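Each chain is listed here by its residues.
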Amino acid sequence: MEGKDMASSAMLSIASAGPSASAANCKASLRKTKIGSFDVRYMLGKAKGNPFLKSQCSGRVTMAVAVNVSRFEGIAMAPPDPILGVSEAFKADTNDMKLNLGVGAYRTEELQPYVLNVVKKVEKLMLERGEYKEYLPIEGLAAFNKVTAELLFGADNGVIKQGRVATVQGLSGTGSLRVAAAFIERYFPTAKVLISSPTWGNHKNIFNDARVPWSEYRYYDPKTVGLDFDGMISDIKAAPDGSFILLHGCAHNPTGIDPTPEQWEKIADVIQEKNHIPFFDVAYQGFASGSLDEDASSVRLFAARGLELLVAQSYSKNLGLYAERIGAINVVCSSSDAAARVKSQLKRIARPMYSNPPVHGARIVANVVGDPALFNEWKEEMEIMAGRIKNVRQKLFDSLSAKDKSGKDWSFILKQIGMFSFTGLNKAQSENMSNKWHVYMTKDGRISLAGLSLAKCDYLADGIIDSFYNVS
Ligand SMILES: Cc1ncc(COP(=O)(O)O)c(C=O)c1O
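Residues numbered from 1 in each chain as written. Predicted model: local features only at pLDDT ≥ 70, side-chain atom pairs only at ≥ 80, totals over all residues.

**Some remarks on the site of the ligand**
By nearness alone, 13 residues border the ligand, and Ser172, Gly173, Thr174, Ser314 and Ser316 come closest of all. No other element matches the three residues that helix α9 (residues 172-187) contributes to the shell around the ligand. Within the shell around the ligand, the residues separate by chemical class into three nonpolar, nine polar and one charged. (Near = placed C-beta within 6 Å. Helix = DSSP H or I, 4+ residues; strand = E, 2+ residues; numbered from the N terminus. Nonpolar A, V, L, I, M, F, W, Y, C, P; charged D, E, K, R; others polar.)

What follows is the structure in structure tokens.
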């Protein structure tokens, strides 16, 4: 290669590969190269500090170096998501008996995804009306924010009547939790969040990414496969005053174990005593018991005490709007004035994150909840969905009890509530379920009963018994 060509080739390579040329190895040959006013030393100097460099240089800088090495060389492969990764593994399995009990998504008895009839009806109405697709305000659709807070607290609740709830539409439950986490990080920088052990897998990611410190309170007792109520109370008591206590409003995920009404009262006592701030995650309103009011009773109990609290809501499960990303963050404040200020700050957090939320799901919820006839249709459909899950729960218990001759008591399955059952299977046993039985579930032993049919209960029971007794 002649002088000028070589010079431009080197320049191109350095420019393209940038820091990929290892400074130490390449320095000598490059110093000899005259590239007009191009500052080779400067580039090498910059390259020196790059920890991602892998040297390809053998005295000559070639085009091959430039095209083969990526700026992203140093980026490691992220592990699959513990919940959504299960669906990927399920898809790749070609066995006829395979079952996806990982993700908490409702399926019909034929194990098909389900769009609620009331949703289809409302979508048709929306299409006929020819609704626009303009941006929503940062806080979301006003009609949605109104009905969502009313659904949660009850329209007659003092917190609503006195204008003490700051409600901002969010990107479903996850996005609403994330905005709340950013709010905590910004306005309560010394506070920490207490989360249950175990909890929904994404809670830790959300607080980690928002840089909010968290620790766990005891919740699940493996000995009883029930609630470790004393442990929970003493950990909440031991937390620094003014901590945020994350509580699952109903249908605790992953355990399916909820406190009784009396236990909720005691939890509220301790939280009040310690000046903590309750932070509810309500992802299953109506799905746990089949009743929207009953499933909101924990939140309402705290609000009735005059406590300030946060509540993240999701319509993924109860309206089957998983992909519409519709939910809300509600902050109950002690005055309407404080609520207005809190709302303004929630909007300020949302604006640079995603600007404003999507409209379609918000309109569906506003129409369904805001119209008495459609609202009743929804409640009927929700009862049917919750009923199917209860039937499957009963059948799984019956199958396990009939097949397991050891006399083991499987009744904990019946005591759990909501979409999930925490089987008590450990990681190796859960892996056996996937590897040998083609039953895909999270490694903590959780199965989604919403993805199970009556017809598959016997097969699942065989897999659970085999894994439980033959894998340690
Ligand atoms: C406890 C809990 N919180 C929040 C969510 C958030 O769901 P989404 O973001 O789909 O509303 C889920 C979903 O599984 C959940 O189980």
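**Some words on the environment of Gly163**
Looking at the element boundaries, Gly163 is found in the loop between α8 (158-161) and β2 (165-171). Assessed through the 13 C-beta atoms surrounding it within 10 Å, Gly163 is described here as partly exposed. Here the alpha-carbon distance between Gly163 and Asp337, two residues 174 residues apart in the chain, equals 8.5 Å. Residues contacting Gly163, with those up to four places away along its chain left out, are Ser336 and Ala339. (Buried ≥ 20, exposed ≤ 12 C-beta atoms within 10 Å, placed from the backbone. Contact = placed C-beta atoms within 7 Å.)

**Things to note about the nonpolar core**
Of all hydrophobic cores here, the largest spans 117 residues; its most connected members are Ala180, Phe279 and Val365. It is helix α17 (residues 372-403) that contributes the most residues to this core, eight residues altogether. Mapped onto the domain boundaries, this core takes at least three residues apiece from domain 2 (84-114 + 383-470) and domain 3 (135-370). (Core = buried A, V, L, I, M, F, W, Y, C linked by C-beta atoms within 7 Å. Domains from an automatic or database assignment.)

**Quick notes on the sheet that holds strand β7 (residues 244-248)**
With respect to topology, seven strands assemble into an open sheet ordered β2-β10-β9-β8-β7-β3-β4, the strand pairing being mixed. Edge positions in the sheet fall to β2 and β4 (214-218), since each has one partner strand and no second. On average, each strand axis in the sheet is inclined to that of its neighbour by 25 degrees, with strand direction left out of account. Here strand β3 (residues 193-197) pairs with β7 via two bridges, running parallel. By the bridge assignment for β7, Val193 is matched with Phe244. Its contacts with the sheet put helix α7 (residues 142-153) on β2, β8 (277-282), β9 (309-314) and β10 (326-332), and the angle it makes with β2 is roughly 110 degrees. (Pairing = 2+ DSSP bridges. Axes fitted to C-alpha atoms, helices over the stretch in contact; angles between N-to-C directions.)

**Here's the deal with helix α6 (residues 117-129)**
Given a rise of 1.5 Å per residue, 13 residues ought to cover 18 Å, and the 19 Å separating the end C-alpha atoms of α6 matches this to within 8%. Lining the buried residues of α6 we find α16 (360-370) and α17. In the segment just after α6, Gly130 is the residue with positive phi, at about 60 degrees. (Expected span 1.5 Å × (residues − 1).)

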